[in-house]
Amino acid sequence: GNYNNLVYSARAYDENDPETIKEYYKDLGLFCFEIAIIYTHIAGMACEGLRPIVAIYSTFLQRAYDQILHDVCLQKLPVIFAIDRAGLVGEDGPTHHGAFDLSFLRAIPNIIIMAPKDEDELQHMLYTAVSQNCPVAIRFPRGKGVGTNFTDPFKKLSIGQG
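Along each chain, residues carry numbers from 1 onward, in the same order as the chain's sequence is written. pLDDT decides what is reported in this predicted model: residues at 70 or higher carry local features, side-chain atom pairs at 80 or more are listed and counted, and totals for whole chains, interfaces and linings draw on all residues regardless. With hydrogens and water stripped out, all remaining heavy atoms of the structure feed into the side-chain values.

With 21 residues, the main nonpolar core has Leu 61, Ile 68, Val 79, Phe 81 and Leu 105 as its most contacted residues. What counts as a helix is a DSSP run of H or I of at least four residues, what counts as a strand is a run of E of at least two, and both are numbered from the N terminus. Secondary-structure elements contributing two or more residues to this core are helix H2 (42-47), strand S3 (51-57), helix H3 (58-61), helix H4 (65-73), strand S4 (80-84) and helix H5 (101-106). Counting residues per element, this core draws most heavily on H4, which supplies four residues. Only buried residues count toward a nonpolar core, which is a set of Ala, Val, Leu, Ile, Met, Phe, Trp, Tyr and Cys residues joined through side-chain atoms within 4.5 Å. Think of it in three bands: with a 1.4 Å probe and only protein chains considered, a residue is buried below 20% of the maximum accessible area for its type, exposed above 50%, and partly exposed in between. Judged by nonpolar contacts, the second largest core, of 11 residues, contains Leu 6, Ile 53, Ile 80 and Met 114.

Below, the structure is given as C-alpha cells:
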C-alpha cells in the first residue's frame, strides 16, 4: 500500500541523543514530531488527508477524551491510537496505570479497539489499522514482548473476531 500519508506523532527524542528517534522514523519514510501531551492538531491532520499514528500512554489518553470523542470518532477520522502502558504498569506508579482506557473507549462510537496477545499480533494489528477508514485504538502493556517469532508478510486481520 501507499504509506506516504502516515505521520507518527509521539515523544520524538531520546534524552541521550535527541535525533536518534527522529532519524529512525525518517529512515522508515515517516514524518515524526514531538507533541508532548498536546493532541488538538491530530483531527486536523486527518481531515487534510494524513493518517496520524499517535503513540500515547493510556493515562494521558484519558486527558484527551473529549477530543477523541468529538474531534476524531464522531467524524470517523482515520486516526490510529497506539496506546502504551495499558493495564497496571508496576514501577511507573499509580499515576501511570492504564486501567481505564478500555472502559472509556468502549463508550465511544465509531472506533475499533484492539489488544494483541503478543508482538507478532501487534504488527498485524497495526498493518490492519492503517487500512481502516475510521479511528482505531491498539492497546498494549508496558515493556518488551515475550520474544515471539514474527510472521511475514504482514496480514490484514478480520475486524470483530478474536
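What characterises a pair of aromatic rings is the spacing of the ring centres plus the angle enclosed by the ring planes. The rule is short: rings of Phe, Tyr and Trp, with Trp giving its six-membered ring, pair when the centres are within 6.5 Å, and they are stacked under 30 degrees, edge-to-face over 60, tilted in between. On inspection of all chains with the given rule, the structure shows three aromatic pairs. Ring centres of Tyr 57 and Phe 60 lie 5.5 Å apart, and the angle between their planes is 10°; on these two criteria the pair is classed as stacked. Measuring from centroid to centroid gives 5.5 Å for Tyr 65 and Phe 104, while their planes differ by 80°, and the two rings are edge-to-face. Here Tyr 65, found in helix H4, pairs with Phe 104, found in helix H5; they are 39 residues apart in sequence, far enough to count as distant. On the basis of relative accessibility, which here comes to 30%, the residue Tyr 65 falls in the partly exposed class. For Phe 104, a relative accessible area of 14% corresponds to the buried category.

Bringing the pattern of salt bridges into the picture now. A pairing counts as a salt bridge when a side-chain nitrogen of Lys or Arg comes within 4 Å of a carboxyl oxygen of Asp or Glu. This structure, assessed with the given rule, holds four salt bridges. Of the charged contacts in the structure, one is a salt bridge between Glu 91 and Arg 142, with a shortest N-O distance of 3.1 Å. Taken together, the residues span a long stretch of sequence, with Glu 91 in the loop between S4 and H5 and Arg 142 in the segment after strand S6 (136-139) at a distance of 51 residues. One salt bridge connects Asp 101 with Arg 139, and the closest N-O pair in it is separated by 2.5 Å. Taken as a pair, Asp 101 in helix H5 and Arg 139 in strand S6 lie far apart in primary sequence, 38 residues in all.

Each residue after the first adds 1.5 Å to the expected span of a helix. Over its 12 residues, helix H6 (residues 119-130) extends 17 Å from the first C-alpha to the last, a length consistent with the 16 Å expected when each residue adds 1.5 Å. Among the residues making up H6, those that are buried are Glu 119, Asp 120, Gln 123, His 124, Met 125, Thr 128, Ala 129 and Val 130. Under the rule applied, a polar contact is a pair of N or O atoms within 3.5 Å (in protein, one hydrogen donor and one hydrogen acceptor; residues adjacent in sequence only if both atoms are side-chain atoms). Where H6 starts, the residue carrying a side-chain oxygen 3.1 Å from the main-chain nitrogen of Asp 120 turns out to be Asp 118.

Okay, unusual backbone geometry next. Cis peptide bonds are those with omega within 30 degrees of zero, and the linkage from Asp 152 to Pro 153 qualifies with 0°. With respect to the element layout, Pro 153 can be found in the segment after S6. Even without being glycine, Arg 85 reaches a positive phi, approximately 65°. Even without being a glycine, Asn 110 presents a positive backbone phi close to 70°. By the element assignment, Asn 110 lies in the loop between H5 and strand S5 (112-114).

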